[in-house]
Amino acid sequence: MEQAAGCPAVGGSYPQKNAEILSSQYGINLFLAGLLLTFAWAVHAVGISKSHLLSYLITLMLIQLLWMLWYLCRSCTQRRLIQDKDTHAGARWLKCGITLFAVITLILDSFKIGYYIDFSNCLSPTEGIFPVTHAVHTILQVYFLWCHAKDVIQSFKTLERFGVIHSVFTNLLLWTNGVLTESKHQLNEHKERLITLGFGNITIVLDDHAPQCNCTTTTLCSIFSQGIYYLYPFNIEYHILASTMLYVLWKNIGRKVEHHQQNKTPFKFHGITVGMIFGLIVLTSTIAIVVVYLIQIGGSKIKSELALTMFYLHAIFVLALMCTAGIVALLIYRLEDRSLDNSKNPARKLDAELLVGTAAGSWLLSWGSILAIICAQGHPKYTWYNLPYSVLVIIEKYIQNLFIIESIHREQEKVNDDIKTLRIVTISRGSTLSLTPLYKEIYNGTAARDSGDVPCLFKGSICGRENDGGGVAKEETSQDNSLAMHSASDFSFCSRNSVTNNKRRILKNIAAFLFLCNLSLWIPPAFGCRPEYDNGLEEIVFGFEPWIIVVNLAMPFSIFYRMHSAASLFEVNCKT
């Protein structure tokens, strides 16, 4: 029966599979063309200017805007129809996070518009059109994701596949453009600081894309030009989050969803005080370290070395704490006997793949630093702190990935039947009667009405109605036996429940602590505190340009890993 019914379905799945393959290939080619154009602009290729790159990005955003408007209009006409939803996709906290990043991205766009107005005499019109288009694109995309991130599309599937994958790679290209622009700015600052560390043998050539004209308002130009680069980290996170949410939407097209009720897992501060306190201490100290680092680095050789030493010691301490917390959490998991949820879930699969994939970026940098320390002929004192730091980065990510992936795959603990029911013992005419009505019935008083007896909520003691004098001795014996039996079982249940609650409390505190630690470790590289640039030892061993290429390729993944880990740990805390 199932095979017979499955034959047409298999035949009908071929066009959809082909549509999936064709749309993915379309998206990859779209991305590669934009990537090559971005690279050509970055290396000052002949005949390629920034206006060409921005024109390409503007075109992609306009096409996505048209598709989103068409999808929203079609959804409004079909809103009365029951549509499948993926309850795991587009969590509310994720939508709130992307909204926050989008708001800061809009501020960035307003800065770019102001910057264009001040330098309008020598800038291409595309540099004014781009931030306006990007602002409209951001507003509509956030609205689209709030309303339709959970959709499981079952109509116009071929067309929708191309529309969604176009949106995915448009956001990836905007992410790439933001990463490159921010990296070029960081690289220029890094080149200027190298001389203060004594690496004068490295050729310093600034890669400057500044406009070749004077600003109309000097003060505003300085605010806009400096403010833009402090806002880029939020813009970068916004686009990578949007692309992941859209990718899950693309994977869900045509998917058959199992209709089952998902337990809501709201975030609660209760029970995570210890983890929050230690996490906030780490966060506060990290912000202070970053501020001091950015002030001291590049001031003089002594100040730069002290700033690097301070950074490494703080990072080593934090990473050691995170490793310890992760090991404790994994040991608790080993003591529990709970099965894993292996059901098909595109969002959960993507989370696990992103954790491992983006961790490779910082692993690459760490192994490069370890190799440089081993192979270098001369070792300034501060470079030795880089060795335990690099080793701990590798170990910490390894442990944390294992903890997060196991946590998101663990089945949620079901409420024990002993919690849902209360034992009622009534003594009537020398006989013991044990009933287990639902708590709701007891609370509403229905159990009492049905049984005709006065109920008793049993908790280590037993209540009964008075009996006739003839059965007193038998009644007392029955009461004693029943009391002993129920007391033993209730004590056993309470002790098991207490142990479980303690484990949950520890795991929630660990998840909260690691959440704040990952936010803390996201801040330094996102805002220019990058010892991989300023250490100088790697440039001597590998060469300046090769190492800078490695850092510029790996650093965006390392930064994204911290934010994605924080998001995953927030989910773990809610589920625990």
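Before any of the text, the structure's been laid out above.
What counts and what doesn't
Residues numbered from 1 in each chain as written. Predicted model: local features only at pLDDT ≥ 70, side-chain atom pairs only at ≥ 80, totals over all residues. Heavy atoms only, no water. Helix = DSSP H or I, 4+ residues; strand = E, 2+ residues; numbered from the N terminus. Buried < 20%, exposed > 50% of the residue type's maximum accessible area, 1.4 Å probe, protein only. Contact = heavy atoms within 4.5 Å. Areas by Shrake-Rupley, 256 points an atom, 1.4 Å probe, with all protein chains shown as cover. Axes fitted to C-alpha atoms, helices over the stretch in contact; angles between N-to-C directions. Parallel < 35°, antiparallel > 145°, perpendicular 65-115°, else oblique. Left-handed = near helix turned anticlockwise from the far one by under 90°. Nonpolar A, V, L, I, M, F, W, Y, C, P; charged D, E, K, R; others polar. Salt bridge = Lys/Arg side-chain N within 4 Å of Asp/Glu carboxyl O.

Engineer: Teacher, can you tell me more about the overall build of the protein here?
Structural biologist: Looking only at helices and strands, the protein features 17 helices and two strands. The buried share of the protein, taken over its 576 residues, is 48%. If you take every contact in the protein between residues at least 6 apart in sequence, the share linking residues at least 24 apart comes to 85%. By element, 64% of the accessible surface of the protein is carried by carbon and sulfur atoms, the whole surface being about 29300 Å².

Engineer: Explain the side chain of Ser243 to me, please; I cannot follow it from the model alone.
Structural biologist: As for its position among the elements, Ser243 is in helix H6 (residues 218–251). On the basis of relative accessible area, Ser243 is assigned to the buried category, the value being 3%. Every residue in contact with Ser243, bar those within four places of it in the chain, is listed here: Val168, Asn171 and Leu172.

Engineer: When you look at the packing of helix H7 (residues 273–296) against helix H8 (residues 301–335) in this model, what are you seeing that I'm missing?
Structural biologist: The relative placement of two packed helices is expressed as an angle between their axes plus a distance between the axes. With their axes 9 Å apart at the nearest point, H7 and H8 run at an angle of 165 degrees to one another. Relative to H8, the element H7 is oriented roughly antiparallel. Crossing of H7 over H8 shows left-handed handedness. On the side of H7, the interface is formed by Val282, Ser285, Thr286, Ile289, Val292, Tyr293 and Gln296, while H8 contributes Lys303, Ser304, Ala307, Leu308, Met310, Phe311, His314 and Val318. Across the contact of H7 with H8, the residue classes break down as nine nonpolar, five polar and one charged.

Engineer: How do you make sense of the environment of Asp118 when you look at a structure like this?
Structural biologist: With respect to the element layout, Asp118 can be found in helix H3 (residues 92–118). When the C-alpha positions of Asp118 and Thr218 are compared, they lie 8.6 Å apart, and in sequence the two are 100 residues distant.

Engineer: What exactly am I supposed to notice about the pattern of salt bridges here?
Structural biologist: Oppositely charged side chains can pair when the atoms bearing their charge come close. Counted under the stated rule, the structure contains five salt bridges. We note a salt bridge from Glu406 to Arg334, for which the minimum N-O separation is 2.5 Å. Taken as a pair, Glu406 in helix H10 (residues 386–409) and Arg334 in helix H8 lie far apart in primary sequence, 72 residues in all. With its nearest N and O atoms 3.0 Å apart, the salt bridge here joins Glu396 to Arg562. With a gap of 166 residues between them, Glu396 in helix H10 and Arg562 in helix H17 (residues 544–575) connect regions that are remote in the sequence. The pair Glu396 / Arg562 is uniform in exposure class, with both members buried.

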